[in-house]
Every structure is written in structure tokens, then in C-alpha cells.
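Now for the letters of each chain:
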Amino acid sequence: MNATTRNFWIIGLALVALVAVSATVMHASADDKAPVEKAVVADGKFFKVEDAHSTGSVTAGGSTVGYDAVAGTLVVHAKGWDDVATDKKDEENNPNAEASMFYVAYFKQGASAQNRPITFVYNGGPGSATVWLHMGAFGPQRVVTANDSHTPAAPYKLVNNDSSLLDVSDLVFIDAPGAGFSRIAGKDKEKAFFGIDEDGNAFAEFITQFLSKYGRWNSPKYLFGESYGTTRSAVLVNLLETSRGVDFNGVILLSQILNFDLSPDGPETNPGIDLPYELALPTYAASAWYHKKASTNVTDLPTLLHEVQAYAMGPYAQALEAGGVLTPQQQTMVANKLHQYTGLPVSYILKANLRIDGGEFEKNLQDDAGYTTGRLDTRFSGPSMDPLSKEADYDPQSAAISSAYVSAFNDYVRRTLKFNQTRGFHLFADTSKWNFQHQPPGQNQQLPQSANVMPDLASALKYNPNLHVMLNAGYYDLATPFYEGVYEMRHLPIPQKLQANIRFQFYQSGHMVYANPESLKQLHDHVADFIRDTDNQHG
């Protein structure tokens with residue numbers, strides 16, 4: 001599996017989802033009396049706006065919340081589209097592609113839209129549906145899966161989600177163009193929507209339409225993205241603030257990746273850049289500690305990780321920086337230390353020139369037992385597909401829970417929510433030709449380099465100094481290692497004062513933090529506190 005494929009497989013596998021809602025109840029508008037005017041948003045050339053209404057309740061955060069739900073679609077267009085008129089020249093220059101973007105929105109009954117926060121939630125991929133965050137993290141119902149082992153086959157169990165965020169915010173789960181129940185059509189449709197900048201534009205148009213349709217312009221507003229969804233959030237919040245005049249109260253990031261040069265996937269193709277190995281080492285150590293492979297007397301994981309982080313950015317970084325002038329004795333000294341932290345054989349570490357990427361670690365940590373370690377969550381293990389392979393060739397965590405999420409959601413959306421009984425559900429859009437080139441703020445073109453949206457988040461923080469950012473990360477995540485996210489945040493090109501706008505929360509879980517029930521509760525509590533602290537309604 002090459003580095004490019006791995007990047008899609010990894011980041012993509014980490015989130016996907018979408019949920020829907022149905023039936024017959026109209027949601028109240030901002031004044032909580034008049035029904036919403038459905039015609040606020042126009043149909044497109046290829047697609048029609050849809051919505052289905054229903055009601056429900058959830059017990060979350062210690063209180064019972066009654067909600068109105070809408071499962072529907074909005075029609076969005078490619079960048080450059082003019083909703084007033086198009087002349088012949090415009091039609092020749094614009095691709096005229098459009099997307100029908102599916103969403104499920106939950107609104108607390110009886111709440112004033114002006115005072116009630118609203119959070120836009122999406123998974124990553126790129127090109128993933130938002131089924132994981134919907135059915136595993138914050139929707140009113142969640143599917144029950146095994147904590148760190150393969151979940152048995154159907155029937156799967158849906159339960160009240162005690163950790164739904166509906167106790168503090170209305171929620172809008174959004175499927176990316178081409179994923180879930182979202183669709184794309186028109187000339188050059190993939191080119192119009194499958195790219196960092198193109199995707200950001202589509203989500204910006206969706207959100208501004210949604211604010212108009214449901215009268216939420218004056219609500220406290222939040223973005224919540226996971227995995228590639230964090231990449232999207234950096235682009236999206238800057239786009240909304242600087243070009244559409246929409247300030248957000250907060251951006252909540254889960255399993256962050258902003259600079260793709262820091263990924264532990266395929267760093268050998270970029271020699272001279274050793275940071276990915278250094279930033280992944282704390283996750284290697286956490287994983288070896290969990291599987292009792294580490295040779296250390298430290299019994300407390302946070303203490304161990306503090307020690308490993310200091311070593312990774314100190315002696316280990318210096319050794320890698322020395323390159324070919326490192327003496328054999330120094331190489332052996334470093335290899336012995338890495339063996340202590342990672343459990344990998346000293347001979348293997350030396351053969352790897354002290355540089356082990358994510359796929360190699362996953363394949364070799366439990367290789368003596370014929371098992372591959374999970375990528376999205378290294379607590380998971382599964383039999384190796386090919387015992388002689390160099391790297392892991394599948395992800396045991398994804399294999400362990402995907403069927404539960406997809407099956408439970410398809411049954412829930414069709415049987416309970418009745419959005420559309422015949423439309424197919426696409427877990428992922430075919431984004432094999434995704435455009436990873438990006439035009440950062442202040443540049444006049446997309447840059448021919450690895451994707452890096454750190455400048456976008458920095459621009460948004462400087463443009464709106466009241467914007468708050470929250471990074472959530474799992475210690476056992478090898479798709480987007482937690483210390484990589486810390487490094488990115490600490491190296492944003494912002495005044496030091498604005499670092500105070502960023503808060504960090506870490507969990508003894510993986511990429512999908514909520515796969516661990518205890519971490520799910522912690523995630524809810526931390527995010528709920530973040531929203532209460534930043535909604536400008538307290539204190």
C-alpha cells in the first residue's frame with residue numbers, strides 16, 4: 001500500500017456518517033411560533049431541496065431534552081456560481097456543477113434560536129459520510145460496540161446516548177458532497193467539489209444557506225470536525241469569517257491533521273524531514289505500554305508520555321538530525337532507548353535506521369503473535385493478513401466496528417427516520433482524484449506542496465481574536481497522532497497571546513475517541529464545558 005493510498009485509507013476510515021430524521025412535525029422558527037418557510041432555499045438544476053420532520057427526546061448531561069429533527073438536503077454550487085443571473089460567458093467559464101448535501105438537524109423544543117448554540121458536525125475522509133460522529137458520539141441514539149475488540153455481527157443495539165451534545169447545543173450532522181445521501185451532478189462535478197478549497201467552499205455555502213433557512217444567523221455558532229474534518233474546519237472557519245462575514249464562537253477539533261508533512265504515513269518518501277517519526281513516538285510508546293510490550297517501570301501513562309515527549313524532541317530529534325554522521329555506538333544507544341519505549345527489537349530498529357513509520361509499527365508491534373495492531377485505535381488487534389508484509393495491510397479497529405455503524409444507521413434512517421426508503425447510502429465518495437493543493441490566505445494561487453492549512457486557522461484566529469479552539473485527541477491514535485496536533489497548535493503563526501484561546505484535552509482512546517465509553521463521557525463533558533464557556537451568554 002503506497003503512501004498516498006494510505007493517507008486516504010487512514011484519514012478516511014476515521015469517520016463517516018450521517019443520519020436522518022423523518023416524518024411530520026414542523027420546526028419552529030426563531031420566534032418559536034411561526035413555521036419555517038421551506039422555500040427560503042431554491043432547488044437546483046439537478047436536485048431539489050428535501051426535508052422530513054419528526055420529534056424525539058434524549059436524556060443527556062443529566063437532563064431530558066425534547067427535540068424537533070429535520071433530515072433533508074440543500075443544493076449548493078461550485079465556487080463562482082452566481083445566484084442572481086448568468087450570461088453566456090458565465091456559463092462557459094463555470095462548471096455549473098451542483099451538490100445535494102444531506103444533513104440531519106436536531107433542534108431543542110421551546111428554545112430561543114437567538115440564545116441556543118448550534119454546532120455543525122462532520123467527519124473526514126476526505127469524502128466520508130458523517131455516520132461515526134452521528135451514531136457513535138453526539139446523536140440522540142448511539143450504536144453499542146465492543147470497547148477494544150471485534151463487535152459481534154447483527155443484530156446491533158441502539159441505546160439512548162447519555163453523551164449527546166443536545167443538552168448544550170442544537171446539532172447539524174452534514175454529509176460531504178458525494179458521500180452518505182449527498183450527491184453531485186453537472187459538468188466537471190468531481191473537479192468542482194473534490195478538493196481542499198472546493199470542499200471548503202461547498203460547506204461554507206451549505207452553512208450560510210442553513211443559517212438563512214432556519215433563522216440561526218444570531219445563534220452562537222460552532223464547527224466540530226474529525227480527522228480530515230479538522231483540515232476542513234481550518235479552511236472553513238477562515239473562509240466564513242474573512243469572506244462571508246460570519247464569526248464563529250468556537251472550533252472543536254477531534255483527531256487533528258493540519259499539516260500533512262507531519263503524518264507518520266510514508267515519511268520515507270520525504271527524506272530530510274524527520275518530524276513525523278518524532279511526533280509519532282509518544283503514540284508508539286502508549287501503544288506498547290497498553291499491550292505490555294514496553295520495557296519501562298512507569299505504570300502511569302501520562303507520566304510515561306511526558307518522559308517520551310521530552311526524549312522525542314530532545315535526544316531522539318538530535319540523533320535523527322545528525323543523519324549519516326551518527327556513530328554506530330550512538331545508533332545503538334538510541335535503538336536501545338526506542339526498544340524500551342516501543343517494544344520493537346533493537347535489530348529491527350537499527351535496520352530501519354532509527355526511523356519507523358506508522359504502518360511498520362502497526363505490523364511489527366505484535367508480530368511475534370501473528371497479529372496486526374490497529375491504526376485508528378492501537379488498542380485493537382487482528383490477525384495479520386500477510387505475515388511477511390512490511391506494513392499493516394488493513395486496520396483491525398475499522399474492521400471491528402464498521403459493520404455495526406453502517407448497519408445500525410441504515411436501519412435507523414430507513415425504519416425510524418423514514419427519510420428515503422430507496423436511496424443508496426455511500427459510506428465514502430470516490431475521491432481518488434482529490435485535489436490536495438491548497439491556496440492559503442494571502443496567496444494568489446494553489447501551492448504545489450503538501451497540504452498545510454495551519455495558515456488558515458491562524459488567519460481565522462487573528463481575524464477574530466475572540467475565536468476559541470479546542471483540540472481533542474486520543475493517545476492510541478496512529479492515523480493522526482496526538483502529539484502531532486499539539487505541535488501544530490504550538491507552531492501556528494499567531495501572536496503568543498492568542499495561544500490562550502486554544503485548549504487541549506486528551507483521552508485513553510484512539511482516533512474515534514468515543515469508541516471507548518469512558519472517553520465518550522469525558523469528551524461530552526469537555527466539549528459541553530467549552531461551549532458554555534464561549535457562547536457569550538454567561539459571565
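In case you missed it, the structure is sitting above this.
Okay, so let's go over this structure.

1. Looking at the environment of Tyr 67
Position of Tyr 67 relative to the elements: it lies in strand 2 (residues 63-77). For the pair formed by Tyr 67 and Thr 55, sequence separation is 12 residues and the distance between their alpha carbons is 5.7 Å. Residues contacting Tyr 67, with those up to four places away along its chain left out, are Ser 54, Thr 55, Gly 56, Ser 57, Val 58, Tyr 106, Phe 107, Lys 108, Gln 109, Pro 140 and Leu 166.

2. Some points on helix 8 (residues 301-322)
Taking 1.5 Å per residue, 22 residues should reach 32 Å; helix 8 reaches 30 Å between its end C-alpha atoms and fits that length. Along its length, helix 8 reaches its greatest deviation from straightness, about 40°, at Ala 312, and the proline Pro 315 lies no more than four positions downstream. Among all positions in helix 8, only Leu 301, Leu 304, Leu 305, Val 308, Gln 309, Tyr 311, Ala 312, Gly 314, Tyr 316, Ala 317, Ala 319 and Leu 320 are buried. Tucked into the core, helix 8 has its buried residues touching helix 7 (275-290), helix 9 (328-342) and helix 14 (482-490). Remark: Gly 323 follows helix 8 within two positions and exhibits a positive phi of approximately 60°.

3. Some remarks on the side chain of Thr 373
Note on placement: Thr 373 falls in strand 11 (residues 371-373). At a separation of 2.9 Å, a polar atom in the side chain of Thr 373 contacts the side chain of Gln 366. In this structure Thr 373 touches His 291, Glu 362, Leu 365, Gln 366, Thr 378, Phe 380 and Pro 396, once residues within four positions along its chain are discounted.

4. Describing empty space enclosed by the protein
Rolled over the atoms, a probe sized like a water molecule indicates the empty space that remains. In the structure shown here, the tally under the stated rule is three cavities of 30 Å³ or more. Roughly 60 Å³ of volume is contained in the largest cavity. What lines the largest cavity is simply Tyr 277, Leu 281, Tyr 284, Tyr 316, Leu 338, Thr 342, Leu 354, Arg 355 and Ile 356. With three residues, the single largest contributor to the lining of the largest cavity is helix 7. Taken together, the residues of the lining of the largest cavity sort by class into seven nonpolar, one polar and one charged.

5. Some thoughts on the packing of helix 8 against helix 9
Contact geometry of helix 8 with helix 9 gives a least axis separation of 12 Å together with a crossing angle of 155°. Considered as vectors, helix 8 and helix 9 are oriented roughly antiparallel to each other. The interaxial crossing formed by helix 8 with helix 9 has left-handed handedness. Mapping the contact onto sequence places Leu 304, Glu 307, Val 308, Tyr 311, Tyr 316 and Ala 319 in helix 8 and Val 334, Lys 337, Leu 338, Gln 340 and Tyr 341 in helix 9.

6. Topic: helix 7
Here helix 7 is 16 residues long and its end C-alpha atoms lie 24 Å apart, about the 22 Å a rise of 1.5 Å per residue gives. Along helix 7, the sharpest change in direction is near 35° and occurs at Leu 281; proline Pro 282 comes one to four residues later. Counting buried positions along helix 7 gives 13 out of 16 residues, so the element sits mostly inside the fold. Two residues or fewer after helix 7 comes Lys 292, characterised by a positive phi angle close to 60°.

7. A look at the packing of helix 6 (residues 228-243) against helix 13 (residues 454-463)
Interaxial distance between helix 6 and helix 13 falls to 8 Å at its minimum, and their mutual angle equals 35°. Helix 13 is crossed by helix 6, and the crossing has left-handed handedness. Two secondary-structure elements touch here, helix 6 through Ala 234, Val 235, Val 237, Asn 238, Glu 241 and Thr 242 and helix 13 through Asp 456, Leu 457, Ser 459, Ala 460 and Tyr 463. In terms of residue class, the contact of helix 6 with helix 13 is built from six nonpolar, three polar and two charged.

8. Focus on the pairing of strand 4 (residues 118-122)
Of all five residues in strand 4, five are buried; the element is thus mostly enclosed. The alternating pattern of strand 4 places Ile 118, Phe 120 and Tyr 122 and Thr 119 and Val 121 on opposite faces, both of which are buried. Of the pairings in the sheet, the one linking strand 4 to strand 7 (residues 170-174) comprises four bridges and is parallel in character. Bridge pairing in strand 7 links Ile 118 to Asp 170.

9. A short note on the layout of surface pockets
For the largest pocket, the calculated volume is near 560 Å³. Lys 79, Asp 197, Glu 198, Leu 239 and Gln 439 are the residues nearest the centre of the largest pocket, which is lined by 22 residues in total. Going through the elements one at a time, helix 4 (189-193), helix 5 (196-213) and helix 6 are the ones with two or more residues in the lining of the largest pocket. The element best represented in the lining of the largest pocket is helix 6, accounting for four residues. In terms of residue class, the lining of the largest pocket is made up of seven nonpolar, eight polar and seven charged.

Here is what the cut-offs are and how they apply
- Residues numbered from 1 in each chain as written.
- Predicted model: local features only at pLDDT ≥ 70, side-chain atom pairs only at ≥ 80, totals over all residues.
- Heavy atoms only, no water.
- Helix = DSSP H or I, 4+ residues; strand = E, 2+ residues; numbered from the N terminus.
- Contact = heavy atoms within 4.5 Å.
- Expected span 1.5 Å × (residues − 1).
- Bend = angle between axes of the 7 residues up to and from the residue.
- Buried < 20%, exposed > 50% of the residue type's maximum accessible area, 1.4 Å probe, protein only.
- Polar contact = N/O pair within 3.5 Å; in protein donor to acceptor, adjacent residues only side chain to side chain.
- 1 Å grid on protein atoms, 1.4 Å probe; cavity = no way out; pocket = protein on both sides within 12 Å on 5 of 7 lines; lining within 4 Å.
- Points joined across faces, edges and corners; volume = space filled by probe spheres on them.
- Nonpolar A, V, L, I, M, F, W, Y, C, P; charged D, E, K, R; others polar.
- Axes fitted to C-alpha atoms, helices over the stretch in contact; angles between N-to-C directions.
- Parallel < 35°, antiparallel > 145°, perpendicular 65-115°, else oblique.
- Left-handed = near helix turned anticlockwise from the far one by under 90°.
- Pairing = 2+ DSSP bridges.

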